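Fold and contact review
Each chain, written out:
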Amino acid sequence: MATGIKDKVAILGMGCSKFGERWDAGSPELMKEAFEEALADAGIERKQIEAAWFGCWGDGINVGNSSIPAAMALRLEGIPVSRVENMCATGTEALRGATYAVASGAVDIALAIGAEKLKDTGFGGLPPPFKGTFNDLWMPMGSAPAGFAQLAPYYRSKYGTSKEDLKRAISHVSWKSHQNGVHSPKAHFQKAVSMETIMSAPMISDPLGLFDCSGVSDGSACAIVTTPEIARALGKKDLVTIKALQLATSSGRETQTNDWDGSYVATTRVAAARAYQEAGITDPKTQVSLSEVHDCFSITELVTMEDLGFSDDGRAVFDILDGRYDRDGAMPCQIDGGLKCFGHPIGASGLRMAYEVYNQLLGRAGERQLSNTTIGMTHNLGGVPYQGIAAISVLGLV
């Protein structure tokens, strides 16, 4: 019987590039920036890495297909390198590949790296004219803002939430992230934004205004993983291990049956349940110290608080307005500013989330450092609420 990966894999080192409009760097330079930080943090030589997973979403507008761009940028001589793509969950998918390789005993040390460079390609997050057979068949006129905005009316209808209360809550989500992002030197946006500015911003897709939407960005993040035994043999004393790493992919049930009411993201709930079981978490409200979730849009973060079990169903609006997920709240969320402040270089985002949790657990987060952090969680979401991929990692100290 499968026993899961809890505490079988430790993070030896992590790195993250500066995110933003990186006109000064191409994808190879962004990867090198993150990789060199991770290599120094791990305290190993490049030649000790035995396998690598490279997460990159947009091969047509970025570095090209295959794993060769990563192998060349990082001079990974002769080792197996795999390129993975799983929509916006691509970064966590790369971490999953490296983690499973170590947990299985196939290799001792593995690398997961994600990178995306979008700002100089003209990519703005809206769909291109032709997206391949799958997307053209199922959502030919869809866009990300419109897809996620549809959560709002179904949520309001189910729980009797007024339009005004929901707007104030999602505006608070964006306000909180921008407050936190001020203290993140690697974030794309490091500027506090007032509630008045957020609530009066131009509408993108009702109820999502300009500040309810994350932007695109350039960036890279990576992790080097090994076994706890090897980490200790290399001199590591404070270890962050992977307690759980789970993915759930939509089977089409949301759009092809009457089971889904449109007020939540079903794949997140499935992945969270599996992750909690794997990590041995029985009460996420009290056992999870902090979270980094996929706040591509502020309404997404609101329903994610319920999908992850942090708020009871129908209560996230009230918990958000009460400050439960603020920096000084009971369960801080997006303490680095999240996608709202880092932007969303798609292949890198999942690993960027893990980078913040890793540093918080080790007490290295500088001005952002929280107290008493023992368990952190990342939530990375690809696709749209009615057809997507949820990826969750649980990291913790041993």
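In case you missed it, the structure is sitting above this.
In this report, the structure presented in the accompanying data block is examined. (Residues numbered from 1 in each chain as written. Predicted model: local features only at pLDDT ≥ 70, side-chain atom pairs only at ≥ 80, totals over all residues. Heavy atoms only, no water.)

1. Description of empty space enclosed by the protein
- Applying the stated criterion to the full structure yields one cavity of 30 Å³ or more.
- In this structure, the largest cavity occupies an estimated 30 Å³ of space. (1 Å grid on protein atoms, 1.4 Å probe; cavity = no way out; pocket = protein on both sides within 12 Å on 5 of 7 lines; lining within 4 Å. Points joined across faces, edges and corners; volume = space filled by probe spheres on them.)

2. As for the nonpolar core
- In this structure, I299, L302, F310 and V394 are the most contacted members of the largest nonpolar core, which totals 49 residues.
- Here this core gets six residues from one element, more than from any other, and that element is helix 11 (residues 266-279).
- Once residues lying within four places of it in the same chain are set aside, the contact partners of V394 are T241, I242, K243, A244, A275, A279, I281, I375, G376 and M377. (Core = buried A, V, L, I, M, F, W, Y, C linked by side-chain atoms within 4.5 Å. Buried < 20%, exposed > 50% of the residue type's maximum accessible area, 1.4 Å probe, protein only. Helix = DSSP H or I, 4+ residues; strand = E, 2+ residues; numbered from the N terminus. Contact = heavy atoms within 4.5 Å.)

3. A few points about the environment of H188
- By secondary structure assignment, the location of H188 is in the loop between helix 7 (163-181) and helix 8 (195-199).
- Expressed as a C-alpha distance, the spacing of H188 and S393, which sit 205 residues apart in the sequence, is 24 Å.
- Not counting the four nearest positions on each side in its chain, H188 is found in contact with F19, G20, E21, V216, S217, C341, F342 and G343.
- Within the structure, H188 has its side chain in polar contact with the side chain of S217 (distance 2.8 Å). (Polar contact = N/O pair within 3.5 Å; in protein donor to acceptor, adjacent residues only side chain to side chain.)

4. Section: the packing of helix 7 against helix 13 (residues 298-307)
- Between helix 7 and helix 13, the least distance of the axes is 9 Å, while the angle of their chain directions is 100°. Judged on the interaxial angle alone, helix 13 and helix 7 are roughly perpendicular. Facing L166, A169, I170, V173, S174, K176 and S177 of helix 7, the residues of helix 13 in contact are S298, I299, E301 and L302.
- Considering only residue class, the contact of helix 7 with helix 13 consists of six nonpolar, three polar and two charged. (Axes fitted to C-alpha atoms, helices over the stretch in contact; angles between N-to-C directions. Parallel < 35°, antiparallel > 145°, perpendicular 65-115°, else oblique. Nonpolar A, V, L, I, M, F, W, Y, C, P; charged D, E, K, R; others polar.)

5. A few points about the pairing of strand 10 (residues 375-384)
- The buried count for strand 10 comes to ten of ten residues, which makes it a mostly enclosed element.
- Note: strand 9 (residues 290-292) against strand 10, three bridges, orientation parallel. The residue bridging S291 from the neighbouring strand is M377, located in strand 10.
- Bridge count between strand 10 and strand 11 (residues 387-397): ten bridges; the pairing is antiparallel. For I375, the partnering residue across the bridge sits in strand 11 and is G396.
- Here strand 10 hands over to strand 11 after two residues, the two strands then running antiparallel side by side. (Pairing = 2+ DSSP bridges.)

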